[in-house]
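Survey of secondary and tertiary structure
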Amino acid sequence: MSAQTINDVFFTIVDRQHDRVFMQKKAGTWVPSTSRDVYRDTVGVARALQSYGVAKGDRVSILSENRPEWAIADFATMLIGGIVVPIYPTLTAEQIAWLLRDAGVKVLFLSSAEQLRKIQAIRDLVSVEKIVIMDDNASPDAIPMSSLRGFAPAGRDNEFDRAAKSVRPEDLATIIYTSGTTGQQKGAML
């Protein structure tokens, strides 16, 4: 059977049982993430999102540069039927505030202290309920993504997998906003 949804792609990656799905440089050394690691971390983040009240159709934003945690947040959101709203990391705080309000974002993943400072500047202008930071920066304003590992399963979770496979090709997966260079940003639903 060919992949019809992003969730199908996720399960194809996991089922291949590769030793190197992602490579990430840590302390000057390239560290691989296996298929098992990707499953554990992604399902852990998905379960954390569910514990925050995120359900099918809810919006989750990712404000980050390209990195493995971006893909994990993306897959985790889609596995529970959430809608991913990626945000260009070069946008200004004001542009981000408009986008978060327009999309009705419930949870925001961001990469770094630099991105967190942008959000802190607009915090009173948006109704984001939870902020998760990918870097291991301690801040009372954001939950470290590494702490979501506590929600991870010890092995495969067949009940979770069945629910994730119920997402259909016609379900909304993402809303991608234009850069807004010729006017207000507009969201394209995919």
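Numbering of residues begins from 1 in every chain and follows the order in which that chain's sequence is written. Given that this is a predicted model, residues contribute local features only at a pLDDT of at least 70 and side-chain atom pairs are listed and counted only at 80 or more, while totals for whole chains, interfaces and linings are drawn from all residues. As a rule here, side-chain values cover all heavy atoms of the structure and leave hydrogens and water aside.

1. A short note on the sheet that holds strand 3 (residues 59–63)
Strands belonging to one sheet form pairs held by backbone hydrogen bonds; the direction of such a pair is parallel or antiparallel. Following DSSP output, two strands are said to pair if at least two bridges run between them. Put simply, DSSP marks the helices as runs of H or I at least four residues long and the strands as runs of E at least two long, and each gets a number from the N terminus on. Pairing within the open sheet is parallel, and its 5 strands lie in the order 4-3-5-6-7. A strand with exactly one partner marks an edge of an open sheet, and here the two such strands are strand 4 (83–87) and strand 7 (143–144). Looking at chain direction, strand 3 and strand 5 (residues 105–110) are connected through 5 bridges and run parallel. Bridge pairing in strand 5 places Leu63 opposite Leu110. Whether two residues are in contact is decided by their heavy atoms: any pair within 4.5 Å suffices. As a rule, the C-alpha atoms of each element are fitted with a line to give its axis, helices using only the stretch in contact, and angles between N-to-C directions run from 0 to 180 degrees. On the sheet, helix 3 (residues 68–79) packs against strand 3, strand 4 and strand 5 and is oriented at approximately 150 degrees with respect to strand 4. Against the sheet, helix 4 (residues 93–103) contacts strand 3, strand 4 and strand 5, and its axis sits at roughly 170 degrees relative to strand 4.

2. Description of unusual backbone geometry
Although it is not a glycine, Gln17 sits at a positive phi angle of roughly 55 degrees. By secondary structure assignment, the location of Gln17 is in the loop between helix 1 (6–15) and strand 1 (22–26). A 1.4 Å probe rolled over the protein chains alone gives each residue an accessible area, and that area as a share of the maximum for its type sets the label: buried under 20%, exposed over 50%, partly exposed in between. The class of Gln17 is exposed, set by a relative accessible area of 66%. Even without being glycine, Ala27 reaches a positive phi, approximately 50 degrees. By secondary structure assignment, the location of Ala27 is in the loop between strand 1 and strand 2 (29–33).

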